[in-house]
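What follows is each chain in one-letter form.
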Amino acid sequence: MKKEITEIKAVDGYFEICLKINGLTKNLKVKNNEFLLDALRRYGYKGAKKGCDTGDCGSCAVLFNGRPALSCLIPAFSAHGAEVTTIEGVGTVQAPHPIQEAFVQAGAVQCGYCIPGMIISAKHLLDANPAPSEGKIRKYLDGNLCRCTGYVKQVEAVKLAAKKMRPD
Amino acid sequence: MPELIIRPRTLKELWKILPTISAKRKYLAGGTDLVTAANAGFDACDAWVDISGLKELQSVKETKTSVLIGAGVRIAGLEAWGAVRRWLPVLTAAIPHFASPSLRNMATVGGNAANASPCADAVCALCAERAEVILELKGKKRRLPLSALFKGPKQTGIKKDELITAFEVPKWPHTGAYLKLGPRAYFGISKAAVALAIELDGDKIKSASVALASVAPVPLMAVKTAGCITGRILSPETARAAAALVKTEVSPITDARSDADYRREMCGVLLERALLGCEERLKAEG
Ligand SMILES: Cc1cc2nc3c(=O)[nH]c(=O)nc-3n(C[C@H](O)[C@H](O)[C@H](O)COP(=O)(O)OP(=O)(O)OC[C@H]3O[C@@H](n4cnc5c(N)ncnc54)[C@H](O)[C@@H]3O)c2cc1C
């Protein structure tokens, strides 16, 4: 979708924005001081988590026009015309994505709060690079803080996911 | 956050729209500084002018003698450009030190400069690479050395409504390093950072620039230190001399991130390491 409109004005404190969420076109009414994370959660996309709210922890990461971005720092109006993928668009309980399966199988999930953001980062890596080195995996997950696991299992999970996703 | 967002698609459109909106306005690029400030209750505005759609700001161009980086290029986008990897080794080395991958997808090079924080990593690297900044106001352009743009913490010589459009870095055959000391190995604002760019003639330093972040009110060019190592052999003795001198050039403060004495000491350590790293590479290349 192209950004066609050059002016977005709040009416009674609300912006009307149109964007694609997980492949579907959606019209949202967002408050002028609302962030994409809060708007998404208000509309039921609760996968993205509110951790620090300052761009540090990565638990709010979504794919924004194809790249991981921190939805807690994106004013909701900025998403007008954008394509957003949340964890709900990656896979579901009934039909999980191989990365989600790998995180479960590797035992990489404890409290789970950081996992949606981690999987968003991992997906961006694996979609471009089917066999990343451990160093590369660690660099890609660098902005996703986890307070439970110590990261070892999550790096293993991404390696396992890479294997599952390779055609051979 | 303001109630009016303007999104011009071209510079021409931008200059046409500006006079029609409230004077209490600010440019919005990646938003990583502006939005966090607004969130904390600073910088209240009537309107934000979202410049992320301006095509003129989005690319890297190579000329015979220089590399031009559009102000709207995101930090994560830099590496995709061959000209950046080939001609800007210090900036390339700084990228992994800049926040996190997702933040790098949002933050722009222009915002890093306009925000004028003494700890700005891309700015510090670009200063060492001798970048000039190109500014435009209603079609009128001017340029100055990037390091001359800064007047103090969060203070620049940018005029009201003036837009940073690009950075121009001369092509000079240099190598270098970007070393940053933060709260963790990666991710986080620096306690101190050193950007080193040197041009070698055999094992002699033909030309050098040294820039430092987080150890002065502005991103600092260590002119004396660069002068002192110019013409000398790239050796452990030179590295030690540079380390001793650079500590006299910086003026760090004690704040939430670190204290002044430690920062000053680390400027020496980081610069020595950067020079020794270049020496090692030179030896390895034989
Ligand atoms: C969690 C976190 C971690 C961070 N870590 C780092 C780090 O490690 N290193 C580092 O250097 N920085 C870091 N930052 C700071 C920030 O990300 C950078 O300074 C970034 O480059 C700002 O760019 P932006 O596009 O987001 O700017 P914005 O927030 O959009 O704008 C910043 C300011 O510059 C003005 N502006 C923007 N573009 C232009 C232009 N072209 N011309 C004129 N004015 C303009 C705006 O009006 C505003 O005043 C971090 C920030 C956060 C939130």
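Residues numbered from 1 in each chain as written. Chains lettered and ligands numbered in written order. Predicted model: local features only at pLDDT ≥ 70, side-chain atom pairs only at ≥ 80, totals over all residues. Heavy atoms only, no water.

1. What about the pairing of strand S13 (residues 204–213) of chain B?
Residues and elements named next belong to chain B. Most of S13 is tucked away, with eight of its ten residues classed as buried. Relative to S13, strand S12 (residues 192–201) runs antiparallel, the two being bridged by nine bridges. Opposite valine 194, over in S13, you have leucine 212 as the bridge partner. Where S12 hands over to S13, the hairpin turn is made up of two residues, of which glycine 202 adopts a positive phi near 65 degrees. By the bridge criterion, two bridges tie S13 to strand S14 (residues 220–221) in an arrangement that is antiparallel. Across the sheet, alanine 211 pairs through a bridge with methionine 221, a residue of S14. If you look at the hairpin formed by S13 and S14, you'll find six residues sitting between the two strands, and serine 214 has a positive phi there, around 70 degrees. (Buried < 20%, exposed > 50% of the residue type's maximum accessible area, 1.4 Å probe, protein only. Helix = DSSP H or I, 4+ residues; strand = E, 2+ residues; numbered from the N terminus. Pairing = 2+ DSSP bridges.)

2. With respect to the packing of helix H4 (residues 115–128) of chain A against helix H6 (residues 152–165) of chain A
Residue and element names in this part refer to chain A. As a packed pair, H4 and H6 sit with axes 11 Å apart at the nearest point and diverge in direction by 45 degrees. In terms of orientation, H4 and H6 fall into the oblique class. In terms of crossing hand, the pair formed by H4 and H6 is right-handed. Residue-level inspection shows Ile115, Met118, Ala122, Leu125, Leu126 and Asp127 of H4 in contact with H6, the latter providing Gln154, Val158, Ala161, Ala162 and Met165. (Axes fitted to C-alpha atoms, helices over the stretch in contact; angles between N-to-C directions. Parallel < 35°, antiparallel > 145°, perpendicular 65-115°, else oblique. Left-handed = near helix turned anticlockwise from the far one by under 90°. Contact = heavy atoms within 4.5 Å.)

3. A few points about the site of the ligand
Lining the immediate surroundings of the ligand are 35 residues, of which Tyr27, Thr32, Asp33, Thr108 and Asp121 of chain B lie closest. More than one chain reaches the ligand: the nearby residues come from chains A and B. Within the backbone of glycine 31 of chain B, one N or O atom sits 2.7 Å away from an oxygen atom of the ligand. Across the complex, the protein chains shield 93% of the 1000 Å² of accessible surface that the ligand would expose by itself. Counting only elements with at least two residues in the shell around the ligand, the list comes to strand S2 (25–28), helix H6 (109–114) and strand S10 (163–170) of chain B. (Near = heavy atom within 4 Å. Polar contact = N/O pair within 3.5 Å; in protein donor to acceptor, adjacent residues only side chain to side chain. Areas by Shrake-Rupley, 256 points an atom, 1.4 Å probe, with all protein chains shown as cover.)

4. Considering the interface of chain B and chain A
In this complex, chain B contributes 28 residues to the contact, which on the side of chain A involves 33 residues. With both chains or domains summed, chain B and chain A bury close to 2700 Å², and 57% of this area falls on carbon and sulfur atoms. Counting the surface chain B buries against chain A, the share from its top three residues, Met1, Glu3 and Arg7 of chain B, is 27%. Counting every contact that joins chain B to chain A gives zero salt bridges. Counting every contact that joins chain B to chain A gives seven residue pairs in polar contact (both at pLDDT 80 or more). The set of elements that each furnish at least two residues to the side of chain B that touches chain A consists of strand S1 (4–6), helix H2 (34–39) and helix H5 (101–104) of chain B. Of the residues belonging to the side of chain B that touches chain A, the class tally is 16 nonpolar, seven polar and five charged. (Buried area = accessible area lost by both parts, 1.4 Å probe. Salt bridge = Lys/Arg side-chain N within 4 Å of Asp/Glu carboxyl O. Nonpolar A, V, L, I, M, F, W, Y, C, P; charged D, E, K, R; others polar.)

5. Quick look at the sheet that holds strand S1 (residues 7–9) of chain A
Taken in spatial order, the four strands make up an open sheet running S1(A)-S1(B)-S3(B)-S2(B), and their pairing is mixed. Taken across any chain shown, the strands that pair with only one partner, and hence form the sheet edges, are S1 of chain A together with S2 of chain B. Across the sheet, the axes of successive neighbouring strands diverge by a mean angle of 20 degrees, strand direction being ignored. As paired strands, S2 of chain B and strand S3 (residues 47–50) of chain B are joined by four bridges and run parallel to one another. In the sheet register, lysine 26 of chain B faces S3 of chain B, and the bridge partner there is tryptophan 48 of chain B.

6. Concerning the domain arrangement of chain A
Residue and element names in this part refer to chain A. Once the domains are mapped, chain A shows domain 1 (9–89) and domain 2 (98–165). For domain 1 and domain 2, the distance between their C-alpha centres works out to 23 Å. Contacts between the two partners involve 17 residues from domain 1, matched on the other side by twelve residues from domain 2. Roughly 1100 Å² is buried in total at the junction of domain 1 and domain 2, and carbon and sulfur atoms are behind 67% of that figure. At the surface where domain 1 touches domain 2, the tally comes to zero salt bridges. At the junction of domain 1 with domain 2, the criterion picks out three residue pairs in polar contact (both at pLDDT 80 or more). Contributing elements (two or more residues each) for the side of domain 1 that touches domain 2: strand S4 (61–64) and strand S5 (67–70). In the side of domain 1 that touches domain 2, the residues fall into six nonpolar, seven polar and four charged. (Domains from an automatic or database assignment.)

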